[in-house]
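Given next are the chains, with one letter for each unit.
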Amino acid sequence: KMIKDVVEALRFAWSPSSWDMFLWSIGLFSSYLKLLRASIFGSKSIPISSSIVPKIGSSRPICVVTGVTSGIGKATAFALAEKGYHVVLVGRSPQLLSETLKEIKRKNKDAQLKSFVVDMSCFSSIFNFKDSLEQWLSDAELDPSIQLLVNNAGIMAISSRPTNEGYDRVMATNYIGPFTMTKLLLPFLENSSVPSRVVNVVSFTHRYASIGKVDKDYVTGKHFTTYNQYPHAHVYEYSKLCLLLFSYELHRQLRLKDDSHHVSVIAADPGFVKTNLMREFPKYVSAFAFLSFKLIGLLQTPDEGARSSLDAALAPAETSGVYYFGGKGRTIKSSKASRDPKLGKELWETSCGLFDQLQSYND
């Protein structure tokens, strides 16, 4: 069994897509070098609020966090419940979702929680969630608004598994799903009587994404089916580049619509974190990656990885269109491609077209 596992790991590591992953470590080092340069040249970090926004009436501000059943999402949900938010837990597995809710309650008996089973790669599931959220707010006699959306859910797959719509599942979960969720919940964020925010959890891997195009074939992942072998590394980094382009474009769109910063948008990069994101990889490959980054001091726990998400969530209301990395309220610049407004606008138009199509299916 051990020899079989080693052979499987070597075969996987030798694949062209896996070689792309070695570049990711360079992208991570590049991000830390940017932090170092900023500290040397006196770039200030953005302070975070020590407490949450003022309570709305007698209720707590409401935040929606996706992908809460493990890793960074779970750590983020724990922390926001501690900060006093009414946390709406969103996850794909009913059992794991229930366990997360109970775990938070055990550690924080005052936590206010509500859970919904949602598959971020299934668009009917996201549309149903929006309706269920609206119904819950009404039944609970809560203000029909939310103050924070954290798009955290993400996957990394090593084989192609299309969704019901024929989209690539990684692209659907990591980008089209968060885009759809944000579009559907934007009215709830805009309806808030206090400043609200979208936090998109991105990745340093975007620095090595081949831009290609942002047309329908690329965004839905259909383009990647033309490869002889599923380019798992390329699809993941491209999905995270799209999420980042979307973050900046949404920021620009909201500023054009309303310059009061009522709804802000921030990207948060957790760095390299020990989660089950690599669960589909051969076990010796993921073990080697975790050990390597641990030896150089860059492997983080989920609690440490969640710091960038919390920095983004708790930043001052006027903070928007920035890229948090490294905790302690620190920001750096993402790749040049991710900040290209022309590319961002093209992606926005493509994504809106997909959204309208998905909406017509779900009407």
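Residues numbered from 1 in each chain as written. Predicted model: local features only at pLDDT ≥ 70, side-chain atom pairs only at ≥ 80, totals over all residues. Heavy atoms only, no water.

Points about the overall build of the chain
A count of helices and strands for the chain gives 12 helices and seven strands. When each of the 363 residues of the chain is scored for burial, the buried share is 55%. Considering only contacts in the chain between residues 6 or more positions apart, those separated by 24 or more positions represent 79%. Element-wise, carbon and sulfur atoms account for 55% of the exposed surface of the chain, whose accessible area totals about 16,600 Å². (Helix = DSSP H or I, 4+ residues; strand = E, 2+ residues; numbered from the N terminus. Buried < 20%, exposed > 50% of the residue type's maximum accessible area, 1.4 Å probe, protein only. Contact = heavy atoms within 4.5 Å. Areas by Shrake-Rupley, 256 points an atom, 1.4 Å probe, with all protein chains shown as cover.)

Here we look at the packing of aromatic side chains
Tallied over the full model, the rule gives 14 aromatic pairs. With centroids separated by 4.9 Å and ring planes inclined at 65°, the aromatic side chains of Tyr32 and Phe325 adopt a geometry described as edge-to-face. Here Tyr32 is found in helix H2 (residues 16-40), whereas its partner Phe325 is found in strand E7 (residues 322-325), with 293 residues between them in sequence. Residue Phe325 is classed as buried on the basis of its relative accessible area, which comes to 1%. Judged by centre distance (5.9 Å) and plane angle (55°), the ring pair of Tyr218 and Tyr238 falls under tilted. Taken together, the positions of Tyr218 in helix H7 (residues 216-219) and Tyr238 in helix H8 (residues 232-257) put the pair 20 residues apart, joining distant regions of the chain. The class of Tyr218 is buried, set by a relative accessible area of 14%. Three or more aromatic residues link up through ring pairs in this structure, and these residues are Tyr175, Phe179, Phe246 and Trp348. (Phe/Tyr/Trp six-rings, centres within 6.5 Å; stacked < 30°, edge-to-face > 60°.)

Remarks on the side chain of Arg197
In this structure, Arg197 sits in strand E5 (residues 196-201). No salt bridge is formed by the buried Arg197; the nearest opposite charge belongs to Glu318, separated by 6.9 Å. (Lys, Arg positive; Asp, Glu negative; His and termini not counted. Salt bridge = Lys/Arg side-chain N within 4 Å of Asp/Glu carboxyl O.)

Thoughts on the environment of Asn152
Position of Asn152 relative to the elements: it lies in the loop between strand E4 (148-151) and helix H6 (169-190). With sequence-adjacent residues up to four places away left out, Asn152 is seen in contact with Thr66, Gly67, Ile72, Gly73 and Val201.

Some words on the nonpolar core
Ranked by size, the top nonpolar core spans 76 residues in total, and within it Val88, Phe129, Leu133, Ile146, Tyr175 and Leu185 carry the most contacts. The leading source of residues in this core is H8, at 13 residues. Counting 27 residues, the second largest nonpolar core, distinct from the first, contains Tyr85, Val150, Leu310 and Leu314. (Core = buried A, V, L, I, M, F, W, Y, C linked by side-chain atoms within 4.5 Å.)

So, unusual backbone geometry
Unlike most non-glycine residues, Glu141 shows phi in positive territory, near 55°. Assessed through its relative accessible area of 74%, Glu141 is described here as exposed. One non-glycine residue, Lys328, lies in the positive phi region at around 60°. As for its position among the elements, Lys328 is in the loop between E7 and helix H12 (341-362). Judged by its relative accessible area of 68%, Lys328 is exposed.

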